[in-house]
Amino acid sequence: MAYPKSSLVIALLCMLISLVIASPMTYNVVSLGAKADGKTDSTQAFVSAWTKACASVKPAIIYVPVGRFYLRQLVFSGPCNNNAIVMRIAGTLVAPSDYRILGNTGNWIVFEHVDGVTISGGILDGQGTGLWACKASGNSCPSGATTLEFSNSNNIAVNALTSLNSQMFHIVVNACHNVKMQDVRVTAAGNSPNTDGIHVQLSSSVTILNSKIGTGDDCISIGPGTTNLWIENVACGPGHGISIGSLGKDQQEPGVQNVTVKTATFTGTQNGVRIKSWGRSSNGFAKNIMFQHAVMTNVQNPIIIDQNYCPDNKGCPGQASGVKISDVTYQDIHGTSATEVAVKFDCSSRNPCSRIILEEVKLTYKNQVAQASCSHAAGTSTGFVQPTSCL
């Protein structure tokens, strides 16, 4: 009977070894020298934690306890020896209040060339109010830093993260594949300049769920080269809405396709669902777009396509947009417009919008029927559509 006992011992040992191998290494930034006082520079402690986590062959956790941690620019670079690093944040990461420190760096916190990174919880305080004030004064100011960027990375998750008062964009997803963000909160003043909530470009299979975004620019902006993007259950306001574009800034530009925006609310925003392109030559495009189940409350432009975007009339006056917009569906869009024209399709004279579908749309202006305006747009309407379709 000795054989079964020895087999049991070996089996238990194997289980123990596998548990030890699988259990993640944890690196507490405070143990590595970080101070939770909001004043002491803790940048090096975070760099040390990343270096250890990235070098580990086992899954790793970087733990940020409760408290405020002052950080200068952080660049977390891969590739790493494992593809399961979790940054678990219980506290707040604080950017320098002096905007000149980060103002010309482009980014505050960057993850690049990583695979399998998760950020869970926490607050990122970009302390951008000083830079906004500088820009409002008309003085010469740095352009500002994006709070959090993922670049050239795969299999990223962001859960229950809050971004406050970014200098420029809050969160950027650039050249990534398979990114899932949920329960994200973005907060900045409605008049804060260029503070897009989440910007996605050159990326595929990105999902944004159950998030609340209030800021001074687009709640979500969708740039060239975005494919298979799913946005669901997002509340936007204040802000400039959910925008595809600006597209067509460059002559050679990858297109945008397979975008779904589902179950969104827009409150007091400049736009609801928008597609915009520069009024100049480009081979860009936007196709297979679905805007579904949206509620507008006092939104200036609830449904808008603007293909004559030309800020300050520089570089494009008199030109037609080369961007081709097709197969865009607006389904179950309800609510109130803050302007008389609730549906505006201002498309390219050279590349008219095609296969636009309006289905079950009801938008009012001051308790009256709103208006629709179409230029170079073709499509169909089905079901109840108010304002009456001009397609």
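Residues numbered from 1 in each chain as written. Predicted model: local features only at pLDDT ≥ 70, side-chain atom pairs only at ≥ 80, totals over all residues. Heavy atoms only, no water.

A. The arrangement of the overall build of the protein in detail. Counting secondary structure elements, the protein contains four helices and 31 strands. Its C-alpha atoms put the protein at 85 × 65 × 40 Å along the principal axes. The 391 residues of the protein split such that 49% are buried. In the protein, the proportion of contacts linking residues at least 24 apart, taken out of those at least 6 apart, comes to 75%. Just so you have it, the protein exposes about 16400 Å², and 52% of that area is on carbon and sulfur atoms. Counting 26 positive and 22 negative side-chain charges, the protein places the averaged centre of each group 5 Å from the other. (Helix = DSSP H or I, 4+ residues; strand = E, 2+ residues; numbered from the N terminus. Buried < 20%, exposed > 50% of the residue type's maximum accessible area, 1.4 Å probe, protein only. Contact = heavy atoms within 4.5 Å. Areas by Shrake-Rupley, 256 points an atom, 1.4 Å probe, with all protein chains shown as cover. Lys, Arg positive; Asp, Glu negative; His and termini not counted. Charge placed at Lys NZ, Arg CZ, Asp CG, Glu CD.)

B. Structural view of the state of the cysteines. Taken as a whole and judged by the stated rule, the model has six disulfides. Across the disulfide, Cys 134 is cross-linked to Cys 141 (sulfur-sulfur distance 2.0 Å). Looking down the S-S bond of the Cys 134 and Cys 141 bridge, the torsion is -100°, so its handedness is left-handed. On the basis of relative accessibility, which here comes to 9%, the residue Cys 134 falls in the buried class. For Cys 141, a relative accessible area of 22% translates into the label partly exposed. Disulfide pairing is shown between Cys 374 and Cys 390; the S-S distance is 1.9 Å. Handedness here is read from the sign of the S-S torsion; for Cys 374 and Cys 390, about 75°, the answer is right-handed. Pair noted here: Cys 374 is in strand 30 (residues 371–375) and Cys 390 is in the segment after strand 31 (377–386), with a separation of 16 residues, a long-range link. The partly exposed category is assigned to Cys 390, whose relative accessible area is 28%. (Disulfide = S-S within 2.5 Å.)

C. Inspection of unusual backbone geometry at higher detail. Omega for the bond connecting Gly 78 with Pro 79 falls within 30 degrees of zero, at 0°, which places this linkage in the cis form. Secondary-structure assignment places Pro 79 in the loop between strand 5 (74–77) and strand 6 (85–89). Following Gly 245, the chain continues into Ser 246 via a peptide bond in cis, with omega recorded as 15°. Relative to the helices and strands, Ser 246 is located in strand 21 (residues 242–247). Although it is not a glycine, Ala 175 sits at a positive phi angle of roughly 55°. For Ala 175, the position within the fold is in the loop between strand 14 (171–174) and strand 15 (177–182).

D. Structural context of the packing of aromatic side chains. For the coordinates displayed, the defined rule picks out eight aromatic pairs. An angle of 40° between the planes, with centres 5.2 Å apart, marks the rings of Trp 50 and Phe 76 as tilted. Taken as a pair, Trp 50 in helix 2 (residues 43–55) and Phe 76 in strand 5 lie far apart in primary sequence, 26 residues in all. By relative accessible area, Phe 76 is classed as buried at 2%. Centre to centre, the rings of Phe 111 and Phe 150 are 5.4 Å apart; their planes meet at 20°, and the pair counts as stacked. (Phe/Tyr/Trp six-rings, centres within 6.5 Å; stacked < 30°, edge-to-face > 60°.)

E. Inspection of the pairing of strand 12 (residues 154–159) at higher detail. Pairing analysis gives five bridges linking strand 9 (residues 115–120) to strand 12, with the strands arranged parallel. Along strand 12, the bridge assignment pairs Thr 118 with Ala 157. Inspection of the sheet shows strand 12 paired to strand 15 by five bridges, in the parallel sense. In the strand pairing of strand 15, Val 158 is matched with Met 181. (Pairing = 2+ DSSP bridges.)

F. Examining the environment of Gln 371 more closely. Mapped onto the elements of the fold, Gln 371 is located in strand 30. Separated by 155 residues in the primary sequence, Gln 371 and Gly 216 place their C-alpha atoms 27 Å from one another. Each residue touching Gln 371, except ones within four places of it in the same chain, is listed here: Glu 340, Val 341, Ala 342, Val 343 and Pro 387.

G. Structural view of the side chain of Gln 331. One can find Gln 331 in strand 26 (residues 324–337). With a relative accessible area of 17%, Gln 331 lands in the buried category. Within the local environment of Gln 331, its side chain forms a polar contact with the side chain of Gln 292, the two groups lying 2.4 Å apart. Each residue touching Gln 331, except ones within four places of it in the same chain, is listed here: Met 290, Phe 291, Gln 292, His 293, Glu 359 and Glu 360. (Polar contact = N/O pair within 3.5 Å; in protein donor to acceptor, adjacent residues only side chain to side chain.)

H. Structural detail: the nonpolar core. Core analysis: the largest hydrophobic core is formed by 90 residues, its most contacted members being Leu 93, Phe 111, Phe 291, Tyr 330 and Phe 345. Beyond its immediate sequence surroundings of up to four residues, Phe 291 is in contact with Ile 244, Val 261, Val 273, Ile 275, Val 328, Thr 329, Tyr 330, Gln 331 and Ile 333. (Core = buried A, V, L, I, M, F, W, Y, C linked by side-chain atoms within 4.5 Å.)

I. Local environment of the sheet that holds strand 25 (residues 301–309). Spatially, the 11 strands line up as an open sheet ordered 5-8-11-14-17-19-21-23-25-27-30, and their pairing is parallel. Across the chains shown, the open sheet's two edge strands, defined by having one partner strand only, are strand 5 and strand 30. Each strand of the sheet is rotated relative to its neighbour by a mean of 15°, with strand direction disregarded. Pairing of strand 14 with strand 17 (residues 198–201) involves four bridges; the strand directions are parallel. The partner of Ile 171 across the bridge, within strand 17, is Ile 198. Sitting on the sheet, helix 2 touches strand 5 and strand 8 (107–112), and the angle it makes with strand 5 is about 5°. (Axes fitted to C-alpha atoms, helices over the stretch in contact; angles between N-to-C directions.)

J. Layout of the environment of Phe 384. You can see Phe 384 is positioned in strand 31. The exposure class of Phe 384 is partly exposed, given its relative accessible area of 43%. Taking the C-alpha atoms as reference, Phe 384 lies 6.4 Å from Val 361; in sequence the two are 23 residues apart. Beyond its immediate stretch of four places on either side in the chain, Phe 384 contacts Glu 359, Glu 360, Val 361 and Lys 362.

Shape is all these values report; function is a separate question.
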